[in-house]
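Next come the chains, spelled out residue by residue.
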Amino acid sequence: MNRQDIPLKDFHYDVAKLRDHWFALFAGDFNARVFNAMTISWGSYGHVWDKMVFQVMVRPSRYTYDFMNRYDSFTLNAFTPEYKRVLSILGSNSGRDIDKIALAGLTPMASRKVDAPSFEEAQLVIECRKIYWHDLNEANFLDSDIEEHYPRKDYHRIYLGEIVNVSQQIIEP
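Sequence positions are assigned chain by chain, starting from 1 and proceeding in written order. Reporting of local features is limited, given that this is a predicted model, to residues whose pLDDT is at least 70; pairs of side-chain atoms are given and counted only at 80 or more, and all residues count toward the totals for whole chains, interfaces and linings. Excluding hydrogens and water, the side-chain values take into account all heavy atoms of the structure.

1. Comments concerning the pattern of salt bridges
Think of it this way: side chains of opposite charge can pair up when their charged atoms draw near.
Working step 1: Within this document, salt bridges are pairs made up of a side-chain nitrogen of Lys or Arg and a carboxyl oxygen of Asp or Glu, the two lying within 4 Å of each other. Summed over the entire model, instances satisfying the criterion amount to 8 salt bridges.
Working step 2: Residue Lys9 pairs with Asp10 through a salt bridge whose shortest N-O separation is 3.3 Å.
Working step 3: The salt bridge partner of Glu147 is Lys153, with a shortest N-O separation of 3.1 Å.
Working step 4: Exposure categories follow from relative accessible area, calculated using a 1.4 Å probe and restricted to protein chains: below 20% of the type maximum is buried, above 50% is exposed, and the middle band is partly exposed. Residue classification places Lys153 among the partly exposed residues on the basis of a relative accessible area of 48%.
Working step 5: One salt-bridge network, held together by shared partners, links Lys51, Arg129 and Glu162.

Right, here's the structure in full:
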């Protein structure tokens, strides 16, 4: 499938879509064939330190957490609605135990500007270079409802990635 870059100045993403249209977060190194992916439905998008950024959150218990810490980049892959079941496979299985990417029937491919892979089938790919991380601290929660998301006290690590490339799939007639 062919891809077309979207100029960063023209790119905008409505993060409210994440609730129903999950991303596949992909981290690792495509050329070394060392990577893992997971679904995410939380995140934020904006402008910080004069950079366009995407913020993602990964729990330490997730296999992808190791890849996010070890490598300098990640990609966010958005799919059309018919891929919801496929994304469920990525979100409900661990890459420690099985090749969930193969099970989902997805095809890793080299990204355009980062070492982290992206998915050939993705409608939209956002390539990010990590620029910051921070561990959530329960002492800083100002809303008591937040703690409900952490019955096992497995607080997320937040990663801020500078968006360095965005591309979309071109559907050819």
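Having put the structure on the table, let's press on.
2. A word on the nonpolar core
Working step 1: The definition of a nonpolar core used throughout is a set of buried Ala, Val, Leu, Ile, Met, Phe, Trp, Tyr and Cys residues joined through side-chain atoms within 4.5 Å. Among the nonpolar cores identified, the biggest contains 27 residues, and Phe11, Phe54 and Ile126 are the most heavily contacted of them.
Working step 2: Looking at this core, the elements with two or more residues in it are strand S2 (23-29), strand S3 (34-40), strand S5 (51-58), helix H1 (63-70), strand S6 (73-78), strand S9 (124-135) and strand S10 (157-170).
Working step 3: Helix numbering and strand numbering both begin at the N terminus, where a helix is a DSSP run of H or I of at least 4 residues and a strand a DSSP run of E of at least 2. Broken down by element, the residue count for this core peaks at 4 residues, all from S5.
Working step 4: We call two residues in contact when some of their heavy atoms are within 4.5 Å. Discounting chain neighbours no more than four positions away, the residues touching Phe11 are Ile6, Tyr45, Met52, Leu124, Ile126, Ile163 and Val166.
Working step 5: Formed by 16 residues, the second largest nonpolar core is a distinct cluster that contains Ala24, Phe26, Phe35 and Ile101.

3. Quick notes on the side chain of Thr75
Working step 1: You can see Thr75 is positioned in strand S6.
Working step 2: Two N or O atoms form a polar contact when they lie within 3.5 Å of each other; inside protein one atom must be a possible hydrogen donor and the other a possible acceptor, and for residues adjacent in sequence the pair counts only when both atoms belong to side chains. A polar atom in the side chain of Thr75 sits 3.0 Å from the side chain of Asn77.
Working step 3: When sequence neighbours within four positions are dropped, the list of residues in contact with Thr75 reads Ala24, Leu25, Phe26, Ser111, Val114, Ala116, Pro117, Ser118, Val125, Ile126 and Glu127.

4. As for the packing of aromatic side chains
Working step 1: Here is the rule: rings of Phe, Tyr and Trp (six-membered ring for Trp) pair when centre to centre is within 6.5 Å. Planes less than 30 degrees apart are stacked, more than 60 are edge-to-face, and the remainder are tilted. Tallied over the entire structure, the rule returns 16 aromatic pairs.
Working step 2: Here the aromatic rings of Tyr13 and Phe54 are separated by 6.2 Å at their centres, their planes lie at 55°, and the arrangement is tilted. With Tyr13 in the loop between strand S1 (2-5) and S2 and Phe54 in strand S5, this pair connects stretches of sequence that are 41 residues apart. We note that Tyr13, like Phe54, is buried.
Working step 3: With a centroid separation of 5.2 Å and 45° between ring planes, the pair formed by Phe79 and Tyr83 is classed as tilted.
Working step 4: Looking at Arg157, its charged tip hangs above the ring of Trp133, at a distance of 3.7 Å from the centre. The criterion for a charge sitting over a ring is simple: Lys NZ or Arg CZ within 6 Å of the ring centre, and within 35 degrees of the ring normal.

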